[in-house]
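Next come the chains, spelled out residue by residue.
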Amino acid sequence: MLEPLIANNVVCHAVEAMVFASIACSILGVVISRMNLASIGFTMSHAAFAGASIGMFLEMNAQMAAIAFSVGVAALIGPISDKAKMAADATLGVLFALCMAVAIFLISYMQYLGKGLSASSLLFGDVISLYREEIYALAAVSLLTIIFVLLFYKEICAIMFNMKIAQASGMRVQVVYYILLFIIALSVALCLNIVGGLLIFVWLVTPASIASQFCFDVKSMFIAAPLVALLVSAFGVWAGFEYTLPIAPLVALLLTGTFGLAVMLSTKRKVTTRRH
Amino acid sequence: MLWELSIIELEGIYTAYEGDDKPIIKDLTLNIDRGEYVVIGGPNSAGKTTLLESINGLVKITHGRAAVCGFDVRRSGHDVRKKVGYVVQNFYFDPFTPFNTQQVVMMGRYGRLGLLKRPIEEDYKAAERAIRMVGIEDLAQKTIGTLSGGQQQKVMIAHNLAKEPEVLLLDEPFSNLDFSAREFLQAILLDLVKGGTPIVIVSHAFDGLPDIRIHLVVMNEGRITKDICCPARAVEDIVRKSSLRQ
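Residues numbered from 1 in each chain as written. Chains lettered and ligands numbered in written order. Predicted model: local features only at pLDDT ≥ 70, side-chain atom pairs only at ≥ 80, totals over all residues. Heavy atoms only, no water.

From N to C terminus, chain A includes 11 helices and zero strands. Along chain A, helices and strands appear, N-terminal first, in the series α-α-α-α-α-α-α-α-α-α-α. Its C-alpha atoms give chain A a radius of gyration of 19 Å, within 12% of the compact-globule value 19 Å for 276 residues. Across chain A, the fraction of contacts at a sequence separation of at least 24, relative to all contacts at a separation of at least 6, is 76%. Element-wise, carbon and sulfur atoms account for 71% of the exposed surface of chain A, whose accessible area totals about 12,400 Å². (Helix = DSSP H or I, 4+ residues; strand = E, 2+ residues; numbered from the N terminus. Rg over C-alpha atoms; globule rule 2.2 N^0.38 Å. Contact = heavy atoms within 4.5 Å. Areas by Shrake-Rupley, 256 points an atom, 1.4 Å probe, with all protein chains shown as cover.)

Residues and elements named next belong to chain B. A sheet is described by the order of its strands in space; here four strands give the open sequence β2-β1-β4-β5, paired in antiparallel fashion. In this open sheet, the two strands that pair with only one neighbour each are β2 (25–32) and β5 (71–72). Where strand β4 (residues 61–68) meets β5, two bridges bridge the pair, whose relative direction is antiparallel. Bridged to A67 within β5 is D72. (Pairing = 2+ DSSP bridges.)

Further remarks concern the sheet that holds strand β7 (residues 167–171) of chain B. Residues and elements named next belong to chain B. Spatially, the six strands line up as an open sheet ordered β6-β7-β8-β3-β9-β10, and their pairing is mixed. Each edge of the open sheet carries a strand with a single partner, namely β6 (84–87) and β10 (223–231). The average undirected angle you get between the axes of adjacent strands in this sheet is 15 degrees. Taken strand by strand, helix α1 (residues 48–55) contacts β3 (37–41), β6, β7, β8 (199–202) and β9 (213–220), and its axis lies near 155 degrees from that of β7. (Axes fitted to C-alpha atoms, helices over the stretch in contact; angles between N-to-C directions.)

Taken together, the contact between chain B and chain A spans 32 residues of the former and 32 residues of the latter. Buried area between chain B and chain A, both sides added, is near 2,700 Å², and the carbon and sulfur share of it is 65%. Among the residues chain B hides against chain A, the three largest losses belong to F96, P98 and L115 of chain B. Together they make up 23% of the total. For the pair chain B and chain A, the interface holds two salt bridges. Across the pair K164 of chain A and E53 of chain B runs a salt bridge whose closest N-O atoms are separated by 2.7 Å. (Buried area = accessible area lost by both parts, 1.4 Å probe. Salt bridge = Lys/Arg side-chain N within 4 Å of Asp/Glu carboxyl O.)

A few words on the side chain of S54 of chain B. Residue and element names in this part refer to chain B. Mapped onto the secondary structure, S54 falls in helix α1. Within the local environment of S54, its side chain forms a polar contact with the backbone oxygen of T50, the two atoms lying 2.7 Å apart. With sequence-adjacent residues up to four places away left out, S54 is seen in contact with I13, T15, I25, V59, I61 and V73. (Polar contact = N/O pair within 3.5 Å; in protein donor to acceptor, adjacent residues only side chain to side chain.)

The next thing to look at is the side chain of E9 of chain B. Along the polypeptide, E9 of chain B turns up in strand β1 (residues 8–15). Judged by relative accessible area, which is 9%, E9 of chain B ranks as buried. (Buried < 20%, exposed > 50% of the residue type's maximum accessible area, 1.4 Å probe, protein only.)

Residues and elements named next belong to chain B. You will see that S45, though not glycine, has its phi angle at about 60 degrees, which is positive. Structurally, S45 is set in the loop between β3 and α1. In the Ramachandran plot, E172 falls in the positive-phi region, its phi being about 50 degrees despite a non-glycine side chain. Here E172 shows up in the loop between β7 and α7 (179–194).

Right, let's talk about the packing of aromatic side chains for a bit. Residue and element names in this part refer to chain A. Tallying each qualifying case throughout the model produces 11 aromatic pairs over all chains. Both rings, one in Y177 and one in Y178, keep their centres 6.2 Å apart while their planes meet at 40 degrees; by these two values the pair is tilted. Relative accessible area serves as the criterion here: at 9%, Y177 is assigned to the buried category. Within the aromatic cluster, the residues linked to one another by ring pairs are F57, F105, Y109 and Y112. (Phe/Tyr/Trp six-rings, centres within 6.5 Å; stacked < 30°, edge-to-face > 60°.)

For α7 of chain B, built from 16 residues, the straight-helix expectation of 22 Å at 1.5 Å per residue is met to within 8% by its first-to-last C-alpha distance of 23 Å. Downstream of α7 of chain B by a residue or two, G196 of chain B has a phi angle that is positive, lying close to 105 degrees. (Expected span 1.5 Å × (residues − 1).)

Here G114 of chain B lies in the loop between α4 (110–113) and α5 (121–134). Sequence spacing of G114 of chain B and K82 of chain B is 32 residues, and the spatial spacing of their C-alpha atoms is 9.0 Å.

A separate point is the pairing of β10 of chain B. Residue and element names in this part refer to chain B. Across eight bridges, the pairing between β9 and β10 is antiparallel. Bridging from a neighbouring strand, V217 pairs with D227 of β10. In this antiparallel pair of consecutive strands, β9 and β10, the connection spans two residues, and E221 shows a positive phi of 45 degrees.

This next bit is on the pattern of salt bridges. Residue and element names in this part refer to chain B. Inspection of the entire model under this criterion finds 16 salt bridges over all chains. Measuring nitrogen to oxygen at the nearest pair gives 2.7 Å for the salt bridge that ties R65 to E9. Within this pair, whereas R65 is found in strand β4, its partner E9 is found in strand β1, the two being separated by 56 residues in sequence. We classify R65 as partly exposed; its relative accessible area is 26%. Salt-bridge contacts for R129 lead to E164; the nearest nitrogen and oxygen are separated by 2.7 Å.

By themselves, these observations are geometric and do not establish any function.
As structure tokens, this is what we get:
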């Protein structure tokens, strides 16, 4: 897609992957951070991690297994929270531990069997060895995320404002909540190869947190968060190739640095010194 | 549409939360007609808020018959909530909440609109009307989290008025309001009652009730201990005596 602009194929794929991952994750991040569901990020990433381990163990396509397992976990979050009358965060904690246990168990067992699996690409990602199909899939999920927000904008706003008040006003909040979980699962599973299970959390939370330092309404947050993520990620990819640095951790560090700067410069924290 | 006589008909309902070994609401029967001003009183943990949330189907009714606005609450809670306004108790919006007053009031219309439908001119007008009714025009562009408790309370009342509800449920609506705001709100509620919309209020503050016949319901331990019509000035005394007797 960006070949006319970037001559080097590897760099071009890396930039494309980062751009699409930034768009999908940061848009979802605006909803996640407002709903205090930050833990959904690491639960989903570890679900994808566990799914990929299962795929490798069964000698299947690891990414397809990651997607299937993440979607399965996403489908469990809502009903478990409802049935067990637990806060979504507590449910996420239980599922996170389950996913981590499955992944570690299988990786250790495969090493014991002599299959010699390295989990580092799943944990830290590998943005320079992506297939074209994987980038197309990421582009599709970014588009799906944008369409989801545009279609359900009023429902998303109401849920972000207050779930109980949205429900009391007669909205079908459960439907929108379950679609949201499904898209998060899909995005996280597809981003696993790029930034890895441990760093995906940064893309889900940090751009939205940066945007919230300056934006006073949701619409501008939905524009600012992906824009920030996109610019920082593209710069990170360039810097990573230019100075031969690991790309995903570099972008994570840059995003965190930007967040620190945003907190310092935030207009929301300024106290007026005017007397009148 | 099921029943047409009373707008709220509860017959022998029981409500229980999952995990509780006893129901919160027990064998409760209550009829509320159009244009009634209903006050629900009683001691803490009497089940007053649970009763409101049983009426709009937010809490599951386990036994009995419940019809609100012509819908069976147990089967069509969602349809009931589209027609019933509910001002919840104890809300808090942090200063970073990215919604202004106008947007929050507009959200009151979303349930009526349904999934995937955008607000139209009529919805914007209803929201503007609600803002004017509550007298919060000057707060319209302010972020809700930066408002005082009383102002947030007014916004939530406007949010429910924008919905143009057939029934309005209010849980402790006067708790954050000063004297003049209470009087102002009472005047709005009285107008709604005169227009035929029944008002159901859970409250511990009975001063300032409008000078009309009040349908008073006193609750204790999940049951109705008194269900009478009385003058507004008698409400406090009746609730106090009923609560002391128990």
